[in-house]
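Close look at the chain arrangement
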Amino acid sequence: MSAALDTDTHIASSIRTDAPPAILLDRVNKWYGSMHVLRDVSLQVATGERVVVCGPSGSGKSTMIRCINRLEQHQEGRIVVDGHELADDVRALDAIRREVGMVFQSFNLFPHLTILENCTLAPIWVRRMPKREAEELAMHYLTRVKIPDQALKYPGQLSGGQQQRVAIARALCMKPKIMLFDEPTSALDPEMIKEVLDTMVGLAEDGMTMICVTHEMGFARQVADRVVFMDRGEVVEQGAPEQLFSNPSTERLKTFLSQILRGH
Amino acid sequence: MSDIPLNTSVAGVPEAAAPRQPPALTTGPAAWLRANLFSSWLNTAMTLVLAYFIVRYAISFVDWAFVNAIWSVPNNQTAACRALKTSPNPGACWAVITEKHRFILFGTYPYEEHWRPAVVCVLFTALYVVSAMRRFWRWELAVVWAVTLVAIGILMWGGVFGLSYVPQERWGGLPITLILATFGLAFAFPLAILVALGRRSSMPAIRVLCIAYVELIRGVPLISLLFMASVMFPLFLPEGINIDKLLRAQVAVILFAGAYLAEVVRGGLQALPKGQYEAAEALGLSYWQKTGFIILPQALRLVIPPLVNTFIGFFKDTSLVLIIGIFDLLTAGKTAVVEPAWQGFGVEVYIAISVIYFVYCFAMSRYSQNLEAELNRHRVR
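These numbers were taken from a predicted model, which means no experiment stands behind them.

**Notes on the interface of chain B and chain A**
Listed as interface residues are 24 residues of chain B and, on the opposing side, 35 residues of chain A. A buried area of about 2,600 Å², summed over both sides, lies between chain B and chain A, and 61% of it is on carbon and sulfur atoms. For the pair chain B and chain A, the number of links is 2 salt bridges. As a salt-bridge pair, Glu281 of chain B and Arg97 of chain A come within 3.9 Å of each other at their nearest N and O atoms. Across the contact surface, chain B and chain A share 6 residue pairs in polar contact (both at pLDDT 80 or more). Those elements that provide at least two residues to the side of chain B that touches chain A are helix H11 (274-282) and helix H12 (287-302) of chain B.

The following block contains the structure:
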């Protein structure tokens, strides 16, 4: 966790091509009423691969990653996560949710539980872990996100950046194989973005399979094995971050990049 | 990663200016009086006029209730009381309470067995007090409740342990009110939670059933439900089977309270941000784990004020069972002044009954305020 965001060195890739894909989306379609929000989205993420999804707001990127653990339901196409086909089978869904951790834009910590209880609840009740063991695990991850001393406080007593790091620790306590990040820094004050991104870089260094919806292009450059650009519900372009950012081949990505970069 | 300790101030911010004291307080009783009661000649005049009336009526109330009051009379000889009523210095005839308090509290329960309903009232009150203390909120509390309720049943009915049998028709007074309120709310509350969850279910059959229940029950007055329970329901039962009248009234009260409480609980469920549901689901919690650990604890805290509002309302609404001839506290009081010797002393009796209702309702209200402050401590930074 020593990498700083402003270095140009891309951290070593840990993609395992020998294993079956961790996540497979095959021509996924979704509508809200008559609005077509995902159009034939196909995506494969290998075990250990770090994918950054970017695109203008309303392009369906959040909807796409929320389909992966079925916070949203897709209507056409296949989604296979960690070998489980996502369908109406409740058991497959339970298995997927156990293996997929998620971090939300608005943290969504449980305000009536302490930080420690936030982290131990799911391991105790879903993983059936003994309480003592769950607490040790929680303290391990809280130490990793550098807030072990806040364990007995309530979420409302922490800053936004601290809350988001707790949310990451809470997801990690389930020992997921895959982590989904839905704009994890968008609700944060600028000075808190770095502390959250640093935590995520650390995770990427450890070889976690990640899909991350974000506008943080520095993070994408440093961490991503692949950047996926979405617009109007479609995957428009994808590739290695350097190639995509320096040589965008579509007009839509060029427009998007010029808008993003003007803001920085 | 950054070496800056994150719990200290951000580096580079200049030292803050020396803290200043807040401006001197201009309050205190004298300042408050001047600002609120005597700020202008109009306010001063109104204050004085109102103060005059308040003091005058307070004095005459004290005269009536304490100074001129008669506290007991021998052998139902109420002539002194009647004379006092029409005298220029009227006074209360508390003798009616002295004489009739056992009838008001315990109704037509056999006189020599009155210690039994008295113990029942004490048991109920003790049960409330114990349940109210957070340090007793453990699973053993359920056992305490079960044992206490069985003990209450044994005391009221008798027929075992050498206690004489007392049929339910002879029960009355405060125990009836406490039984209806306690069982009513103890069953209505869980029912309400299930119905509120059901109304938000994704299964159409359950949702329709819950909506129909709430709308049907809410759409009719409690009195008509009680009538149905006492008059119509027995018509549908086969010959020879007779369900206790109190039990039927109790079920009507439970169903009625359940519908109202369900809507209160639903309000709490709707107030929770969607993110709480999503975070619980994303962690893999099952529906009941999510509901029990995340949703209900937060939703119920949000609705403590309207919940207690409904609780208090129902505690008093139990008095409507008089309509089907059950002798609750209020009915017993009303009946106490039917006797010719004591006719006309209803005011004293109703004041006494009001005091009893007020003690229970005010206790509920105060307790809910403490509970709210206690449970919402996590919101305070």
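**Let's talk about the pattern of salt bridges**
A side chain of one charge can pair with a side chain of the opposite charge when the charged atoms of the two come close. All names here are of chain B. All chains considered together, the criterion is met by 28 salt bridges over all chains. Among the ionic pairs, Glu263 bridges to Arg266, the shortest N-O distance being 2.9 Å. Taken together, the residues Glu263 and Arg266, both in helix H10 (residues 245-271) and 3 residues apart, mark about one turn of the helix. Lys290 is the salt-bridge partner of Glu281, the closest N and O atoms lying 2.9 Å from each other. Overlapping salt bridges, with partners in common, bring together Arg199, Glu215, Arg218, Glu263 and Arg266 in one network.

**A look at the nonpolar core**
Counting 126 residues, the largest nonpolar core has Ile23, Leu25 and Met64 of chain A together with Leu269 of chain B as the members making the most contacts within it. With 13 residues, the top contributor of residues to this core is helix H7 (residues 174-199) of chain B. Among residues more than four places away in sequence, those in contact with Ile23 of chain A are Leu43, Gln44, Val45, Ile68, Val80, Val81, Ile178 and Ile211 of chain A.

**Here's the deal with helix H2 (residues 41-67) of chain B**
Residues and elements named next belong to chain B. With 27 residues, H2 extends 37 Å from end C-alpha to end C-alpha; this agrees with the ideal 39 Å at 1.5 Å per step. The set of residues buried in H2 consists of Thr47, Trp64 and Ala65. Looking at the buried positions of H2, the neighbouring elements they touch are helix H15 (346-375).

**Description of the packing of helix H5 (residues 115-132) of chain B against H7 of chain B**
Residue and element names in this part refer to chain B. Their axes nearest at 9 Å, the elements H5 and H7 cross at an angle of 35 degrees. In this structure, H5 meets H7 at a crossing whose hand is left-handed. On H7, the residues touching Pro117, Val120, Cys121, Phe124 and Tyr128 of H5 are Leu174, Pro175, Leu178, Ile179, Thr182 and Phe183. Per-class residue counts for the contact of H5 with H7 are 10 nonpolar, 1 polar and no charged.

**Points about empty space enclosed by the protein**
This structure, assessed with the given rule, holds 1 cavity of 30 Å³ or more. Each pocket or cavity is described by its volume, and for the largest cavity that value is around 60 Å³. Lining of the largest cavity is provided by Met102, Val103, Phe104, Phe107, Ala167, Arg170 and Ala171 of chain A together with Ala279, Ala282 and Leu283 of chain B. Those elements that place two or more of their residues in the lining of the largest cavity are strand E6 (100-103) and helix H5 (160-172) of chain A together with H11 of chain B. Per-class residue counts for the lining of the largest cavity are 9 nonpolar, no polar and 1 charged.

**Regarding the sheet that holds strand E5 (residues 84-85) of chain A**
All names here are of chain A. Taken together, 4 strands build an open sheet; the order of strands is E2-E1-E4-E5 and the sheet is antiparallel. In the strand order of this sheet, the two ends are held by strand E2 (35-45) and E5, each with one partner. Bridge count for strand E1 (residues 23-32) against strand E4 (residues 76-81) is 5 bridges, and the pairing is antiparallel. Across the sheet, Asp26 pairs through a bridge with Arg78, a residue of E4.

**Section: the sheet that holds strand E3 (residues 50-54) of chain A**
Within a sheet, each strand pairs with its neighbour through backbone hydrogen bonds, oriented either parallel or antiparallel. All names here are of chain A. The 6 strands lie next to each other as E6-E7-E8-E3-E9-E10, forming an open sheet whose pairing is mixed. Two strands in the sheet have a free side with no partner beyond their single neighbour: E6 and strand E10 (234-239). Geometrically, the sheet is characterised by an average inter-axis angle of 20 degrees between neighbouring strands, direction not taken into account. Taken together, the 4 bridges between E3 and strand E9 (residues 226-231) define a ladder with parallel strand orientation. Note on E9: the bridge partner recorded for Val52 is Val227. Running over the sheet, helix H1 (residues 61-68) touches E3, E6, strand E7 (178-182), strand E8 (209-213) and E9 and is turned about 150 degrees from E7. Against the sheet, helix H6 (residues 190-205) touches E3, E7 and E8, its axis set at about 150 degrees to E8.

Here is what the cut-offs are and how they apply
Residues numbered from 1 in each chain as written. Chains lettered and ligands numbered in written order. Predicted model: local features only at pLDDT ≥ 70, side-chain atom pairs only at ≥ 80, totals over all residues. Heavy atoms only, no water. Contact = heavy atoms within 4.5 Å. Buried area = accessible area lost by both parts, 1.4 Å probe. Salt bridge = Lys/Arg side-chain N within 4 Å of Asp/Glu carboxyl O. Polar contact = N/O pair within 3.5 Å; in protein donor to acceptor, adjacent residues only side chain to side chain. Helix = DSSP H or I, 4+ residues; strand = E, 2+ residues; numbered from the N terminus. Core = buried A, V, L, I, M, F, W, Y, C linked by side-chain atoms within 4.5 Å. Buried < 20%, exposed > 50% of the residue type's maximum accessible area, 1.4 Å probe, protein only. Expected span 1.5 Å × (residues − 1). Axes fitted to C-alpha atoms, helices over the stretch in contact; angles between N-to-C directions. Left-handed = near helix turned anticlockwise from the far one by under 90°. Nonpolar A, V, L, I, M, F, W, Y, C, P; charged D, E, K, R; others polar. 1 Å grid on protein atoms, 1.4 Å probe; cavity = no way out; pocket = protein on both sides within 12 Å on 5 of 7 lines; lining within 4 Å. Points joined across faces, edges and corners; volume = space filled by probe spheres on them. Pairing = 2+ DSSP bridges.

Nothing here speaks to function; it is geometry throughout.
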